[in-house]
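What follows is the residue order along each chain.
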Amino acid sequence: MAAPGPVHEALAALPLVDHHCHGAVTADLTADAFASLLTEGAAWPGVSPFDTPADVAVRRHCAPLLDLPRHAPPADYVARRARLGWQEVNHRFLRASGAGVFCVDTGYAPHPVTTPAELAAAAGAAACEVVRLERIAESVAARGVAAGAYAAEVRAAAEAAVRRPGVVAVKSVAAYRTGFALDPERPAAAEVTEAAGRWLARGGRLADPVLVRHLLWTAVELGLPLQLHTGFGDADLRLHRADPALLTDWLHRTAGTIPVLLLHCWPYHRQAAYLSAVFEQVYLDVGLALHHTGPARCRAVLEEALEITPFRKLLYSSDAYGVAEFHHLGALCFRQGLADLLQDRVDADELSLADALRIAAWTGRDNARRLYGPPVSEPAREPSGRPTRKV
């Protein structure tokens, strides 16, 4: 670990843009419910979800914010969380994240969670919305549509969604539904109608390769940045199909159109870095890996991602969902890991301090603001650093 220096100070003070996250739960959690949200997998007999790198990091770095000693035992941690109540817990961790803006994916909510506005209010920050394309298509199907009208109805619903105030991007979970080994060509109208007929007759969630391709090309037509989950996720994912390098041919065909944001990426963060180095429209983050590796290893992930990634192409995200601890822990890991590696390069005379400070600001805030535009701006702040309300 680098000795604290000017880069650490700059990143500690920087209001981050968390360019991809989810809401925090709006209910008090039992021990089992809390434990299930600490991991991407289900609990296994005889193996506690508390015995993971993420939980060790939570009990080390989040316990003090609940007025507990570092490394508090799980039972003490859960009990203190319950005594404080979910509103106070969310308030403490969201404020501690130091994020000025949260870009919130509203398309995944198996638990009752905060809206973007509620998340922003709890954090004393601003929030924007990211619209999930698969949810739009499934909503169109649920209300009833003829196969021949499917494409037009999805396009109209998507256009209406992105016109909502505060929407800055769209997202696809194609990695989960089909994987990325898709035909890169835009599907013909007859293909979409035929595939829609099969899916509408069968029901269930959208997982047809033709219709997933149709959504990706619809995103191009919408003109907003497109976020794509890649790499690490839960057991619903087939990891070998979530390698972003499988998108290469599609990226060639969409060059010069919309920014493509590769989310999370681990263990394919080096493939994502390559894509960002050769395609003008490709950007990446290593969000979900930050709190799952914790402060002990997040620097290594960031360092590998930055081996060839252009410095204007890496963004910060937490991908926090459910427990507000992860909004805080993601930010803490990002600040500490990036500051350590940049300060070491300054100390070794491989970077000037001015360059390091620019890279820190670009990655933590400015790259996202450049991509998403004016809605991604943090509230004004008092001299104390506390956010103030805009009027």
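Residues numbered from 1 in each chain as written. Predicted model: local features only at pLDDT ≥ 70, side-chain atom pairs only at ≥ 80, totals over all residues. Heavy atoms only, no water.

Participant: Before we move on, can you summarise the packing of helix 15 (residues 298–305) against helix 16 (residues 325–347) with the specific residues and values?
Facilitator: In contact at an axis separation of 8 Å, helix 15 and helix 16 are set at 60° when each is read in the N-to-C sense. The orientation of helix 15 relative to helix 16 falls into the category oblique. Where helix 15 crosses over helix 16, the two elements pack in a sense that is right-handed. From helix 15, Cys 298, Arg 299, Leu 302 and Glu 303 reach across to helix 16, where they touch Cys 333, Phe 334, Gly 337, Leu 338, Asp 340, Leu 341, Asp 344 and Arg 345. A class-by-class count of the residues in the contact of helix 15 with helix 16 yields six nonpolar, one polar and five charged. (Axes fitted to C-alpha atoms, helices over the stretch in contact; angles between N-to-C directions. Helix = DSSP H or I, 4+ residues; strand = E, 2+ residues; numbered from the N terminus. Parallel < 35°, antiparallel > 145°, perpendicular 65-115°, else oblique. Left-handed = near helix turned anticlockwise from the far one by under 90°. Contact = heavy atoms within 4.5 Å. Nonpolar A, V, L, I, M, F, W, Y, C, P; charged D, E, K, R; others polar.)

Participant: Quick rundown of the nonpolar core? Include the residues and the values.
Facilitator: Ranked by internal contacts, the top residues of the largest apolar core, which has 113 residues, are Tyr 77, Phe 102, Tyr 150, Leu 226, Trp 250, Leu 262 and Leu 342. It is helix 16 that contributes the most residues to this core, ten residues altogether. Judged by nonpolar contacts, the second largest core, of 15 residues, contains Ala 126, Cys 128, Val 168 and Leu 371. (Core = buried A, V, L, I, M, F, W, Y, C linked by side-chain atoms within 4.5 Å. Buried < 20%, exposed > 50% of the residue type's maximum accessible area, 1.4 Å probe, protein only.)

Participant: Describe the pattern of salt bridges, and please don't skip the residues or the numbers.
Facilitator: If you walk through the whole model with that rule in mind, you get 24 salt bridges. Here Arg 81 ties to Glu 325 by a salt bridge, and the two come within 2.8 Å at their closest N and O atoms. Of this pair, Arg 81 sits in helix 4 (residues 74–84) while Glu 325 sits in helix 16; the two residues are 244 residues apart in sequence, bridging distant segments of the chain. Take Arg 81: its relative accessible area is 7%, and that puts it in the buried class. The exposure class assigned to Glu 325 is buried, which follows from its relative accessible area of 0%. Arg 164 is paired through a salt bridge with Glu 129; the nearest N and O atoms lie 2.6 Å apart. Here Glu 129 lies in strand 3 (residues 126–132) and Arg 164 lies in the loop between helix 8 (150–162) and strand 4 (167–172), a separation of 35 residues in the sequence. Given a relative accessible area of 12%, Glu 129 falls into the buried group. Several salt bridges converge on common partners, so that one network encompasses Asp 67, Arg 80, Glu 88 and Arg 92. (Salt bridge = Lys/Arg side-chain N within 4 Å of Asp/Glu carboxyl O.)

Participant: Report on the sheet that holds strand 1 (residues 16–21), specifying residues and quantitative values.
Facilitator: Ordered in space as 1-2-3-4-5-6-7, the seven strands form an open sheet in which the pairing is parallel. Both outer strands of the open sheet, strand 1 and strand 7 (282–284), are each paired with one neighbouring strand and no more. The mean inter-strand angle of the sheet, taken between neighbouring strand axes irrespective of direction, is 25°. As judged from the five bridges shared by strand 5 (residues 226–230) and strand 6 (residues 260–264), these two strands associate in the parallel manner. Looking at the pairing, Thr 230 lines up with His 264 of strand 6. (Pairing = 2+ DSSP bridges.)

Participant: How would you explain the side chain of His 292 if you had to name every residue and give the values?
Facilitator: Along the chain, His 292 turns up in helix 14 (residues 287–293). Once you skip the residues sitting within four places of it in the chain, His 292 turns out to touch Leu 38, Thr 39, Glu 40, Pro 53, Ala 54 and Phe 232.

Participant: Account for the environment of Asp 55, with residues named and values stated.
Facilitator: Tracing the backbone shows Asp 55 in helix 3 (residues 53–61). For the pair Asp 55 and Ala 147, spaced 92 residues apart in sequence, the C-alpha separation works out to 47 Å. Ignoring anything within four residues of it in the chain, the contact list for Asp 55 reads Leu 38, Pro 49 and Phe 50.

Participant: Residues and numbers for the packing of aromatic side chains, please.
Facilitator: All told, the structure shown has seven aromatic pairs when counted by the stated rule. For the ring pair Phe 34 and Tyr 77, a centre distance of 5.7 Å and an interplane angle of 20° mean the geometry is stacked. Of this pair, Phe 34 sits in helix 2 (residues 31–36) while Tyr 77 sits in helix 4, placing them 43 residues apart in sequence. Of the residues examined, Phe 34 reaches a relative accessible area of 1% and is grouped as buried. Classification of Tyr 77 by relative accessible area gives buried; the value is 1%. By the ring-pair criterion, three or more aromatic residues cluster together here, those being Phe 34, Phe 50 and Tyr 77. Above the ring of Tyr 283, the side-chain terminus of Lys 313 is found at 5.1 Å from the ring centroid. (Phe/Tyr/Trp six-rings, centres within 6.5 Å; stacked < 30°, edge-to-face > 60°. Lys NZ or Arg CZ within 6 Å of the ring centre and 35° of its normal.)

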